[in-house]
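Each chain is listed here by its residues.
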Amino acid sequence: MAEKKSVGHAYNVDFLNVVFAASSLFLFLSVIWMVWDDFDREWKHTQRRFAALEYQVTQATLAQAGRAVDKNKLGQLTAAEAAARKNVSANQQKVDDLQAKLKDADNALFRATTAFQTMKATYDQDRYDFEASRANGLSSAPRKEEIEKDEAKRLADLDLAREKAEANKADVQKQLGQYTGQVATVQKSIDEITAEQTRLNKRLEVIAPSAVKDYFRNAPLLDFLAPTLKVQQIILPNVVDDVNFIRVPKMDRCQTCHLAIDKKGYEKYPQPFTTHPDLATYLGGSSPHPIDKTGCTVCHEGMGQSVSFRDTAHMPSNEKQKEEWEKKYGWEQPHLWDYPMLPIAMTEASCAKCHKQQVYIPKADKLNMAYATYERAGCFACHKTKGFEDVKKPGPILTKIDSKLSQDWVRNWIRNPKAVKPTTWMPRFFYNSNNSGPDDAPRNETEINAIAAYLFANAEKHTFAVSNPGHGDAKNGEQIVKAIGCQGCHVVGEGSRSEVGPRRTFGQPLENIGNKTTYEWIYNWVRDPKHYSPATYMPNLRLTDAQVADVATYLVTLKGPAGDAAKATPDATVTDAVLLDYLKNVMPFEDAKAQMAKMSPEQRQLDLGQRAISRYGCFSCHDIKGFEKAQSIGTDLSEEGSKLVTRLDFAFITDIPHSSKLGWFDRKLHDPRAFDKGRVLQPLEKLRMPNFDLSNVEVERLLTALMSFQREIQPPAAMPVRSARIDNLGVGRTLVHRRNCVGCHIIEGDGGDFVKLVADPSLGPPMLTPEGARVQPDWLYAFVRGPITIRPWLGVRMPTFGLNDENINHVISYFGSISNTIGPFQTHEIVKTANGDSGKQLFELLKCQQCHVLGAIPKDQPTSNLAPDLRMAPERLQPEWILQWLKKPSDILPGTRMPAFWPDYPKSYYPQLGGDAETQIRAIRDHLLTFKGGPSPKVGAAKSANNN
Amino acid sequence: MGFIKSAINAVADPRLFFMLAVALLAIIVWQREKVASNAVGYGALGLTGLFFAFGTFDVNFRQIVTKPDNVPIVGLIFLLVFFVWYSIKEGVLNDRRIAAGQGPIEKAESDRVWVWPDLVYTELISLILFTVILIVWSIFLKAPLEQPANPANTPNPSKAPWYFLGLQEMLVYFDPWLAGVVLPGLIIVGLIAIPYIDKNPKGNGYFTFSERKAEITIFLFGFVVLWCSLIVLGTFLRGPNWNFFGPFEFWDIHKLAALTNVNLSEYIWVRGLHMGLPTNWFVREIFGILLVLFYVFALPPLLAKMWLKTYYVKMGGPRYYTGVVLFLMMMSLPLKMLARWLFNLKYVVAIPEIFFNI
């Protein structure tokens, strides 16, 4: 460059000209490129495609609307219109005259109105002027007052003139209406019929493709004026984003691409143009979560402000979708946003953000299943979790273990529970990915032995209520187990744990129970579970002693594999070494040795057992003597869903992206010790979370539960309004889920697993959603307290749960709140038979007794047709409900066998009482309420109340 | 391949990296006659390019180098190599002319100033070309919208803007008040003071080396080694937890570096004198305090009497003392680095009681 010429210029100017020209050209091109780069956005392409789709869909809708119009009516109206027009043309001369007059009147009115308005403005100004002058005591005030008065008069005159002009116009219009009124009326009817078409036509005009739109309004650099392609955003003042320093109203731009998400009619089109799958619950204007109040990202997560596929942090549901997105959108694992979108199957996790006052949420089936799994697996026992503080320990008590199990069985069980019972929730602590090495076996066996030794050494003596009971008939027992409802909570080897689900694994699986314990124990347990474990949720089935013997005899025949054998036979030296390891962790080495020297070999083993139980947290799930006050050992998970991925330690696991929180949790749940891989650790430094051998489905459920444990960010305005009813619902739902009522009954659309096992649903446990409207609270109280047989032909029966008064009242308030018939105290007017015998007549006419019991069970009916004893009605049923029920039973219980006797309500087929359905129904109801002497739970309730 | 990469990783260790940078500077100054050849200049550029080309095949290297924040530093490396070589070359060429009695080439046509169109036109072209570069750059290296800043979740490593990475590197060796306040302050004061200290009129308006040996060497050491190479080191070689990572190394957040640094007082009282640390902090730190006082106040007059006698005579008292104190302050960084690397020295003076550490 520094080639210098001796004279003239330092550089060759001709060459510089060329360089200048070239660089200017580059600048020009790069500016064009820059403008194009800024203009050419992903979302604009999407909107263009949607514009075409919308045009097409609207055209189709228009065609459909055209077909839907009543052709006959339209034809008639058109004919009427033609006739009316004919009438007008017959008087054309007069009509023309009047129209000319109307025009004149119109002009006159316009002039009068303008003059009035001008005067009014002047008057207002001068009036203020006068008012201000007078208030300020100016000398000009009197003069201004005169002006004001003068103008007020002129204004009144002008107003009069205007009114006159108006009246004149109305008069002319009226005259004209004599001739043209008919046409206008018919025209209006036609417009009404074709209103939808007119609307769609207008819409089509707006969205029709046009060159102006493509090349002018949406052109680069001009598109700031009035583009048709633009970012669509909603700002939500009641839903906030936490930007760490402040909470700001959420701003969601998702609709920039998801243009039809809140519009009906796009259900069959693929994303991003599809309609939301549940507009009745979400986004719809009349839904509880309208789009302009709820937005998108509060549920789905992701970066609402972004309008590119990648930056919004979309999350694929599976591998296949992931690969597809990578190809199509250049998707990558989100790492620029702390809370990427939830995979679609886990979206319900977000319900918990606002629905905070309850654990279980209706319609959030996936979330409820997730929480049920979370409870069943006992996650909350080691990991403190908000909302799960008061849940009972998930495992059985071990304080009386001596009378139930043998040490050998316990060792095999701890070693690998699934080898004994494949469907158990008891996890595996030993022989996991971080303690399966060849050197680990002696240590594992030592700890297992020590734990078992500690448990048995600390078991209290238990005396059976019935010792050495006699045996029964196993076949009979099997029938009872299958029929009476045990399977609502227990499985007997019916497929994998994730297939049968968390509700049916509420109780211990019964498989292999014959190997586990003795006949005597099973007999006593079935007979009265609370005798062995006072706090157990296992209810009393009210079996006779003979039936108990049958059941126990059957159960004891259920035998399976003994489990994994010990992989090493450690001696006392290993015990000593392991104990020393534990001790020197908490005290200086010399002290540990001294303490060991003081102990006998048995004491050492027991001490080791205690320390191992403490380390693995067995006491979190089981009652164990000596651990009554021990604290839970796991991380608090109450806000785990909000945890930032940087807080998770991926250690040497490199095959999952380190920006994926879900990836970490997924690995952790599949293999809780995975993150020890490749690390050099002392035995006591190793991870200790046990392995639950979770299936993919179960992991997904638990991930949903984890992601639902969020920080509290949303303001109260975003949450459902609190009321006694909402609170009752929350408490009640939690109760019926935690007691597994939903194992047998369908309540608010959830549960009813046992019903699915019964061949005919009408022979299964009843659906309880309308229970609050159906039965009287005091009857319900007595029934839950001491159930009676309502349908003797059923195999399944309502057990005695032994709920305390508080819980029974929760149940009553809960059902009352579902049907909005709150409160246990209700007056039921005693209805008299005011209608004479009509009620009885109808009762006989409709053959109610053909299916309903009235003292005796009707013969010649298949059991599925049988219905409860009507003599219970006055005490049991709510009078108001009987009316609703008779009117249309299937509205209350879809699929019920109860016929609808008034399908054309309020018309009636029956002549009684003037053929009025409502009166007839009332008459039957009143007749029912005269019955007496049915079975009643109240007697038993009084008794059991006295016993307490 | 693996061997070359681990060799480069080893060389990139801050200790070796710094020593090599110093050694390279010494060689450039010493062998400037040879460095001035085009072969060396373009060869060095080519080698640098080759290194980056080789590196981009490695996923870790690629990730660090192509990070939008770091791309300018890649450019900085090439520009640094080129301009250091170019100035040395031009200086050497002029030195030869001066030795031959011809005077520097820039003086040959000193009666002429080419403004129009030469200067203005080339400036305009440069303006246009830089605009083009910036536009294209902004199209290719987009700035994404990220999650809201979270004071509880700072990025690891948290890095200063690239032009402050040299200062951030000093934080490894000095207390924040020194590395962040005193030394940067002195840098600015020193830069302002240069025209008053350096009265040498030679080299004004033309390239030369031999007429300004000390000045240029000190400048190259301060700017290229202490400033730019520390920026490069901070950009590419400092990873999570401010740990050192070779250019081909995975930035593993779990990497640990043994840091058992010892204060001077502990060296003397505990290791040397086999006593406990005195409870009075002044007594405890007396040796460090004396050393610092010696470095700042006694060393300049000593040097004036001994090795730098000629400078003292040439520059006169005030200029000499200002210059030497500034120079000593600059040298405190490499000295402290050396002391850290050789003796694990943490602080010369450590008085946590009054939050004062040197």
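Because the structure is a prediction, the values reported are computed rather than measured. (Residues numbered from 1 in each chain as written. Chains lettered and ligands numbered in written order. Predicted model: local features only at pLDDT ≥ 70, side-chain atom pairs only at ≥ 80, totals over all residues.)

## Thoughts on the overall build of chain A
Inference 1: Helix and strand counts for chain A stand at 37 helices and six strands.
Inference 2: Its C-alpha radius of gyration of 40 Å places chain A more than 25% over the 30 Å reference for a compact globule of 948 residues.
Inference 3: Its C-alpha atoms give chain A principal-axis dimensions of about 130 × 120 × 70 Å.
Inference 4: Within chain A, the fraction of its 948 residues that count as buried is 32%.
Inference 5: Residue pairs at least 24 apart in sequence account for 69% of intrachain contacts in chain A once pairs closer than 6 positions are excluded. (Helix = DSSP H or I, 4+ residues; strand = E, 2+ residues; numbered from the N terminus. Rg over C-alpha atoms; globule rule 2.2 N^0.38 Å. Buried ≥ 20, exposed ≤ 12 C-beta atoms within 10 Å, placed from the backbone. Contact = placed C-beta atoms within 7 Å.)

## Focus on the overall build of chain B
Inference 1: A count of helical and extended segments in chain B gives 16 helices and two strands.
Inference 2: Considered along the principal axes of its C-alpha atoms, chain B spans approximately 75 × 60 × 40 Å.
Inference 3: Intrachain contacts of chain B at a sequence separation of at least 6 include 68% that bridge at least 24 residues.

## Examining the interface of chain B and chain A
Inference 1: Opposite the 23 residues of chain B that make contact, chain A presents 27 residues.
Inference 2: A breakdown of the residues in the side of chain B that touches chain A according to their chemical character gives 15 nonpolar, six polar and two charged. (Nonpolar A, V, L, I, M, F, W, Y, C, P; charged D, E, K, R; others polar.)

## Section: the nonpolar core
Residue and element names in this part refer to chain A.
Inference 1: Leu 367, Tyr 371, Tyr 374, Ile 451, Leu 455, Ile 613 and Leu 702 are the most contacted members of the largest nonpolar core, which totals 66 residues.
Inference 2: Put simply, the parts of the chain that give this core at least two residues each are helix 11 (351-354), helix 12 (365-376), helix 13 (379-382), helix 14 (407-415), helix 16 (440-457), helix 23 (572-586), helix 25 (601-616) and helix 27 (696-708).
Inference 3: Counting residues per element, this core draws most heavily on helix 16, which supplies seven residues.
Inference 4: With residues up to four places along the chain from it excluded, the contact list for Tyr 371 reads Val 359, Tyr 360 and Ala 705.
Inference 5: With 40 residues, the next largest nonpolar core counts Cys 744, Leu 768, Ile 812 and Ile 921 among its residues. (Core = buried A, V, L, I, M, F, W, Y, C linked by C-beta atoms within 7 Å.)

## Side note on the packing of helix 2 (residues 42-68) of chain A against helix 6 (residues 195-207) of chain A
Residues and elements named next belong to chain A.
Inference 1: In contact at an axis separation of 10 Å, helix 2 and helix 6 are set at 160 degrees when each is read in the N-to-C sense. When the axis of helix 2 is compared with that of helix 6, the two are roughly antiparallel. Remark: the crossing between helix 2 and helix 6 carries left-handed chirality. Counted together, Ala 51, Glu 54, Tyr 55, Thr 58, Gln 59, Thr 61, Leu 62, Ala 65 and Gly 66 of helix 2 and Glu 196, Gln 197, Leu 200, Asn 201, Arg 203, Leu 204 and Ile 207 of helix 6 form the full contact between these two elements. (Axes fitted to C-alpha atoms, helices over the stretch in contact; angles between N-to-C directions. Parallel < 35°, antiparallel > 145°, perpendicular 65-115°, else oblique. Left-handed = near helix turned anticlockwise from the far one by under 90°.)

## So, the confidence of the model for chain A
Inference 1: Looking at chain A as a whole, the pLDDT averages 90, with 97% of positions reaching at least 70.
Inference 2: This model gives residues 1-5 of chain A a pLDDT under 50, and the stretch forms one contact once residues within four places in sequence are excluded. (pLDDT = per-residue confidence, 0-100.)

## A word on the confidence of the model for chain B
For any part of a model where pLDDT is low, the fine detail of the predicted coordinates should not be relied upon.
Inference 1: Confidence along chain B averages 89 in pLDDT terms, with 99% of residues attaining 70 or more.
Inference 2: Interface predicted TM-score (ipTM) for the complex: 0.83; the corresponding pTM is 0.87.

## So, the packing of helix 16 of chain A against helix 23 of chain A
Residues and elements named next belong to chain A.
Inference 1: At a minimum axis separation of 10 Å, helix 16 and helix 23 run at an interaxial angle of 85 degrees. Taken together, the axis directions place helix 16 and helix 23 in an arrangement best described as roughly perpendicular. Of the residues in helix 23, those in contact with Pro 442, Arg 443, Thr 446, Glu 447 and Ala 450 of helix 16 are Val 574, Thr 575 and Val 578.
Inference 2: Of the residues belonging to the contact of helix 16 with helix 23, the class tally is four nonpolar, two polar and two charged.

## Some points on the environment of Leu893(A)
Residues and elements named next belong to chain A.
Inference 1: Residue placement: Leu 893 occurs in the loop between helix 35 (889-892) and helix 36 (917-928).
Inference 2: Since 16 C-beta atoms lie within 10 Å of it, Leu 893 is described here as partly exposed.
Inference 3: Separated by 125 residues in sequence, Leu 893 and Leu 768 have C-alpha atoms that sit 9.5 Å apart.

## Notes on unusual backbone geometry
Residue and element names in this part refer to chain A.
Inference 1: Cis geometry is adopted by the peptide bond preceding Pro 272, which originates at Gln 271 and carries an omega value of 5 degrees.
Inference 2: Considering the arrangement of structural elements, one finds Pro 272 in the loop between strand 2 (247-252) and strand 3 (282-283).
Inference 3: The omega torsion across Tyr 905 and Pro 906 is 10 degrees, close enough to zero to call that bond cis.
Inference 4: Mapped onto the elements, Pro 906 comes out in the loop between helix 35 and helix 36.
Inference 5: One non-glycine residue, Asn 244, adopts positive backbone phi at about 75 degrees.
Inference 6: Relative to the helices and strands, Asn 244 resides in the loop between strand 1 (234-242) and strand 2.
Inference 7: Exposure remark for Asn 244: the 14 C-beta atoms within 10 Å place this residue in the partly exposed category.
Inference 8: One non-glycine residue, Arg 542, lies in positive phi territory at about 55 degrees.
Inference 9: Within the fold, Arg 542 resides in the loop between helix 21 (529-532) and helix 22 (545-556).

## Some thoughts on the pairing of strand 1 of chain A
Two faces, one strand: in a regular strand the side chains alternate between the faces of the sheet.
Residues and elements named next belong to chain A.
Inference 1: Summarising the sheet, strand 1 and strand 2 pair through six bridges and their orientation is antiparallel. Bridge pairing links Leu 236 to Lys 250 in strand 2.
Inference 2: Connecting the antiparallel pair strand 1 and strand 2 is a turn made up of four residues, with Asn 244 showing a positive phi of about 75 degrees. (Pairing = 2+ DSSP bridges.)

## Focus on helix 10 (residues 319-329) of chain A
Inference 1: The buried fraction of helix 10 of chain A amounts to zero of the 11 residues, a small share that puts the element mostly on the outside.
Inference 2: Downstream of helix 10 of chain A by one or two residues, Gly330(A) has phi in the positive range, about 65 degrees.

## Topic: the environment of Lys625(A)
Residue and element names in this part refer to chain A.
Inference 1: Here Lys 625 is to be found in the loop between helix 25 and helix 26 (661-670).
Inference 2: The class for Lys 625 is partly exposed, based on 17 C-beta atoms found within 10 Å.
Inference 3: In the structure, Lys 625 is positioned 201 residues away from Thr 424 in sequence and 23 Å away in space, judged by C-alpha atoms.
Inference 4: Sequence-distant contacts of Lys 625, defined by excluding residues within four places in its chain, comprise Thr 399 and Asn 458.

## Focus: the environment of Leu102(A)
All names here are of chain A.
Inference 1: With respect to the helices and strands, Leu 102 occurs in helix 4 (residues 92-135).
Inference 2: Along the sequence, Leu 102 and Lys 169 sit 67 residues apart, while their C-alpha atoms lie 6.4 Å from each other.
Inference 3: When sequence neighbours within four positions are dropped, the list of residues in contact with Leu 102 reads Val 172, Gln 173 and Leu 176.

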